[in-house]
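Coordinates in review
Here is what each chain is made of, one letter per residue.
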Amino acid sequence: MARVEINIELCKGCGLCIEACPKGCLKISSGFNRMGEHPAEWGSDEMCTGCGLCAVVCPDCAISIYK
Ligand code: SF4
Ligand code: SF4
């Protein structure tokens, strides 16, 4: 079991983490952050393996993985 936290104020909504996730756990949020971007959102704790790929590809270090 793993938990993914996204710092939405660091996220620019580039979508790289979404493309990288092999389990389809991430999506773009309908909400906005303070920069006016739609940040990524983690929505599938059942599927997430905690592999860390999303965190590795994030250029803004916005993702933290907890196992
Ligand atoms: S840790 Fe792995 S499975 Fe979980 S959201 Fe990130 S890329 Fe997807
Ligand atoms: S890779 Fe990082 S900056 Fe890009 S959408 Fe994902 S969390 Fe946001």
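Scroll up for the structure.
Residues numbered from 1 in each chain as written. Chains lettered and ligands numbered in written order. Predicted model: local features only at pLDDT ≥ 70, side-chain atom pairs only at ≥ 80, totals over all residues.

**Digging into the overall build of the protein**
- Summing up its helical and strand segments, the protein has 2 helices and 4 strands in all.
- Seen in sequence order, the protein has helices and strands lined up from the N terminus as β-α-β-β-α-β.
- Over its C-alpha trace the protein gives a radius of gyration of 11 Å, about what one expects of a compact globule, namely 11 Å for 67 residues.
- Projected onto its principal axes, the C-alpha positions of the protein cover 30 × 20 × 20 Å.
- Across the 67 residues of the protein, 21% fall into the buried class.
- A separation of at least 24 residues holds for 59% of the contacts in the protein among residues at least 6 apart in sequence. (Helix = DSSP H or I, 4+ residues; strand = E, 2+ residues; numbered from the N terminus. Rg over C-alpha atoms; globule rule 2.2 N^0.38 Å. Buried ≥ 20, exposed ≤ 12 C-beta atoms within 10 Å, placed from the backbone. Contact = placed C-beta atoms within 7 Å.)

**Description of the pairing of strand S1 (residues 3–6)**
- Covered by surrounding structure in S1 are Val4 and Ile6 only, the residues Arg3 and Glu5 on the alternate face being uncovered.
- With 4 bridges connecting them, S1 and strand S4 (residues 63–66) associate as antiparallel partners. Counterpart to Ile6 in the pairing with S4 is Ile63. (Pairing = 2+ DSSP bridges.)

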